[in-house]
Amino acid sequence: MKKIISAIWVSLWIATGAHASGKIFRAVVASDGSGDYKSVQAAIDAVPDNNLNQYNIYIKPGTYKEHVFIPRGKGRLSLIGEDCDKVFISDDRKSGGPNNYPVDMGATVVIHACDVTLQGISFVNSHGYKANDGPQALALYAKGDRIAMDHCKILGFQDTYRTPEADNGRNYLSNCLILGGIDFIYGNGNVWFEKCTIKVNLKKGGWIVAPKHRPETRWGYVFNSCKLTADGDPKKTSIWLGRPWHHQPQTVYLNTRSEITLPAEGWYPTMNGLPSVFAEYNTMDGDGRPIDLSKRINRYYRIDEKGDTIWCTAKNVLTAEEAALYTVEAVMSGDDLWQPKRIFLPSEKPAGYIVVNGRSLPVNEYGCFYREPPRGC
């Protein structure tokens with residue numbers, strides 16, 4: 001057994017230049033065969049069931065065409081890619097239309113586990129990404145709790161990224177890029193988007209979010225200091241901020257910079273739910289000038305089973321005092337005081353070092369290292 005472990009760490013040293021003990025990366029994935037596994041799923045399958053210790057997997061540049069499933073018993077897991085412009089996990093399954101897959105089988109990457117860290121990877125549903133068209137085709141379904149992402153890309157068109165299923169399941173995204181055109185961020189749970197780029201690949205119409213939060217959900221979706229953009233002249237792209245999929249959705253946009261054109265009403269008034277909060281604070285245009293929010297709607301409706309129209313009133317604009325209540329600590333802490341920001345911070349005492357593009361970079365206990373802001377896709 002000692003000889004096997006030694007061989008793995010020699011291969012890690014050569015493959016990634018990781019100058020540290022075996023506590024950093026337990027395996028290396030390389031499509032060219034230079035690592036311990038050629039597929040991401042094979043490396044995940046090797047993670048001990050009901051894992052109790054942090055288990056870090058490094059992914060070398062390449063396109064890994066596969067459906068990846070992380071079951072509940074494979075938590076405390078990090079998937080660390082060298083760079084989201086070089087590491088792609090891609091599949092083309094559809095969860096809508098004829099011959100479709102259930103969402104759990106159709107999404108390119110499905111995460112049922114808790115305590116999963118993702119960095120430096122692009123998750124792609126190549127059907128939506130290439131066709132710029134539906135039907136439903138997911139790149140990522142982050143179903144579990146305490147899932148943290150940094151410098152990742154989630155690329156598709158319709159229903160690109162599905163969030164946790166549990167009422168207060170948590171996802172945290174920093175410096176990520178999410179691409180789509182129709183309901184491309186949707187689902188349940190508390191999700192914090194920090195300095196993310198929301199990129200639209202539909203010129204007119206469509207919706208960014210389609211949440212289905214139940215009354216038990218505490219916060220919903222929070223976009224903080226994010227950018228809304230599109231290829232070409234972004235002003236020629238127009239999209240709704242969101243629509244209420246089911247139940248009582250909650251979404252707030254704080255300090256958003258919108259290079260694209262948003263309808264004066266902001267939000268679409270009907271689907272199958274009645275929102276409690278669809279609101280903004282300090283939304284700016286591409287030049288940093290405040291956008292007039294006075295025409296944002298606050299009345300929504302749905303048609304019930306009897307054909308009757310049910311109406312509600314939802315919060316649409318936040319005051320400075322109300323916006324200040326939305327913090328990472330409040331939204332992400334939960335009952336277990338989770339602190340996702342620390343996962344991506346450099347450690348005062350690095351767990352080791354890794355050589356990327358000729359630079360030796362310190363790596364923390366989760367296998368993460370500092371990265372430049374992501375470029376456009």
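Calculation rules
- Every residue gets a number counted from 1 within its own chain, in the order that chain's sequence is written.
- For this predicted model, a pLDDT threshold of at least 70 governs which residues receive local features, and a threshold of 80 or more governs which side-chain atom pairs are given and counted, while totals over whole chains, interfaces and linings are taken from all residues.
- Only heavy atoms go into the side-chain values, all of them from the structure, while hydrogens and water stay out.
- Secondary structure elements follow DSSP: runs of H or I no shorter than four residues count as helices, runs of E no shorter than two count as strands, and numbering proceeds from the N terminus.
- Note that the radius of gyration is over C-alpha atoms, with the globule rule given as 2.2 Å times the number of residues to the power 0.38.
- Buried, partly exposed and exposed residues are distinguished by accessible area as a fraction of the type maximum, computed with a 1.4 Å probe on protein chains only: under 20%, between the cut-offs, and over 50%, respectively.
- Throughout, a contact is declared for two residues whenever any of their heavy atoms are within 4.5 Å.
- In this description, accessible areas are obtained by the Shrake-Rupley approach with a 1.4 Å probe, and a residue is regarded as covered only by the protein chains that are shown.
- When charges are counted, Lys and Arg are positive and Asp and Glu negative, with His and the chain ends excluded.
- The atoms used to mark charge sites are NZ of Lys, CZ of Arg, CG of Asp and CD of Glu.
- Values of pLDDT, the confidence the predictor places in each residue, fall between 0 and 100.
- Only strands joined by at least two bridges in the DSSP assignment are considered to pair.
- By definition here, a salt bridge exists when the distance from a side-chain nitrogen of Lys or Arg to a carboxyl oxygen of Asp or Glu is within 4 Å.
- N or O atoms within 3.5 Å of each other form a polar contact, as long as, within protein, one can give a hydrogen and the other can take it, and as long as residues adjacent in sequence are counted only when both atoms are side-chain atoms.
- Take the buried Ala, Val, Leu, Ile, Met, Phe, Trp, Tyr and Cys residues and link them wherever side-chain atoms come within 4.5 Å; each set so joined is a nonpolar core.
- To obtain each axis, a line is fitted to C-alpha atoms, and for helices this fit is confined to the stretch in contact; angles are then taken between N-to-C directions over 0 to 180 degrees.

Regarding the overall build of the protein
Reasoning step 1: Within the protein, the regular secondary structure consists of six helices and 31 strands.
Reasoning step 2: The C-alpha atoms of the protein give a radius of gyration of 21 Å, which matches the 21 Å a tight globule of 377 residues would have.
Reasoning step 3: Each principal axis of the C-alpha distribution contributes one length, and for the protein these read about 70 × 45 × 45 Å.
Reasoning step 4: Burial analysis of the protein (377 residues in total) assigns 56% to the buried set.
Reasoning step 5: Contacts in the protein between residues far apart in sequence, at least 24 positions, make up 70% of those at least 6 positions apart.
Reasoning step 6: Accessible area for the protein stands at about 16,100 Å²; split by element, carbon and sulfur atoms hold 51% of it.
Reasoning step 7: One finds the centroid of the 44 positive side-chain charges in the protein at a distance of 3 Å from the centroid of its 40 negative side-chain charges.

Examining the environment of Leu-173
Reasoning step 1: Secondary-structure assignment places Leu-173 in strand S14 (residues 170-174).
Reasoning step 2: A residue is classified by how much of its surface remains accessible, and Leu-173, at 0% relative accessible area, is buried.
Reasoning step 3: Separated by 25 residues in the primary sequence, Leu-173 and Ala-148 have C-alpha atoms spaced 6.0 Å apart.
Reasoning step 4: Residue contacts for Leu-173: discarding those within four places in its chain leaves Met-149, Ile-154, Tyr-161, Ile-178, Val-191, Trp-192, Phe-193, Glu-194 and Cys-196.

Some words on the confidence of the model for the protein
Reasoning step 1: Predicted confidence across the protein gives a mean pLDDT of 92, with 93% of residues reaching 70 or more.
Reasoning step 2: Confidence drops under pLDDT 50 across residues 1-22; counting only partners more than four residues distant or on other chains, this segment forms 32 contacts.

Observations concerning the sheet that holds strand S4 (residues 68-70)
Reasoning step 1: Pairing is parallel across the open sheet formed by seven strands, whose spatial order is S4-S7-S10-S13-S16-S19-S22. One side of each edge strand has no neighbouring strand; the edge strands of this open sheet are S4 and strand S22 (238-242).

A closer look at the pattern of salt bridges
Reasoning step 1: Following the criterion strictly, the structure yields 24 salt bridges and no others.
Reasoning step 2: As a salt-bridge pair, Glu-82 and Lys-86 come within 3.7 Å of each other at their nearest N and O atoms.
Reasoning step 3: Since its relative accessible area comes to 16%, Glu-82 is described here as buried.
Reasoning step 4: Of the charged contacts, one joins Asp-287 and Arg-289 as a salt bridge, the two residues approaching to 3.2 Å between their closest N and O atoms.
Reasoning step 5: Using a relative accessible area of 48% as the deciding quantity, one classes Arg-289 as partly exposed.
Reasoning step 6: The structure contains a network of salt bridges with shared partners spanning Asp-115, Asp-145, Arg-146, Arg-170 and Asp-336.

What about the side chain of Asp-285?
Reasoning step 1: Within the secondary structure, Asp-285 sits in strand S26 (residues 284-285).
Reasoning step 2: In this structure the side chain of Asp-285 is engaged in a polar contact, spanning 2.9 Å, whose partner is the backbone nitrogen of Asp-287.
Reasoning step 3: When sequence neighbours within four positions are dropped, the list of residues in contact with Asp-285 reads Arg-257, Ser-258 and Ile-291.

Things to note about the nonpolar core
Reasoning step 1: Among the nonpolar cores identified, the biggest contains 59 residues, and Leu-79, Met-149, Tyr-161, Leu-173, Ile-185 and Phe-193 are the most heavily contacted of them.
Reasoning step 2: In contact with Phe-193, other than residues within four places in its own chain, are Tyr-161, Leu-173, Ile-178, Ile-185, Tyr-221, Val-222, Phe-223, Asn-224 and Cys-226.
Reasoning step 3: Counting 28 residues, the second-largest nonpolar core is a separate cluster that includes Phe-25, Trp-192, Leu-318 and Met-332.

Brief notes about the side chain of Lys-212
Reasoning step 1: Here Lys-212 is to be found in the loop between strand S19 (204-211) and strand S20 (221-224).
Reasoning step 2: Of the polar contacts made by the side chain of Lys-212, one reaches the side chain of Glu-165; its length is 3.3 Å.
Reasoning step 3: Setting aside residues no more than four positions away along its own chain, Lys-212 makes contact with Arg-162, Glu-165, Gly-187, Asn-188, Trp-245, His-246 and His-247.

Considerations on the sheet that holds strand S8 (residues 116-119)
Reasoning step 1: Taken together, the eleven strands give an open sheet; going across it, the order is S1-S2-S5-S8-S11-S14-S17-S20-S23-S25-S29, and neighbouring strands pair in parallel fashion. A strand with exactly one partner marks an edge of an open sheet, and here the two such strands are strand S1 (27-29) and strand S29 (315-317). Looking at each pair of strands side by side, their axes are set apart by 10° on average, direction ignored.
Reasoning step 2: Taken together, the three bridges between S1 and strand S2 (residues 55-59) define a ladder with parallel strand orientation. Counterpart to Ala-27 in the pairing with S2 is Ile-57.

What about unusual backbone geometry?
Reasoning step 1: With omega at 10°, the peptide bond leading from Gly-134 into Pro-135 counts as cis.
Reasoning step 2: Backbone geometry at Asp-115 places phi at a positive 60°, although glycine is not the residue there.
Reasoning step 3: For Asp-115, the position within the fold is in the loop between strand S7 (109-111) and S8.
Reasoning step 4: Taking relative accessible area as the criterion, Asp-115 reaches 25% and is therefore assigned partly exposed.
Reasoning step 5: Of note, the phi angle at Asn-282 is positive, near 60°, even though the residue is not glycine.
Reasoning step 6: Locating Asn-282 in the fold gives a position in the loop between strand S25 (277-281) and S26.
Reasoning step 7: Given a relative accessible area of 33%, Asn-282 falls into the partly exposed group.

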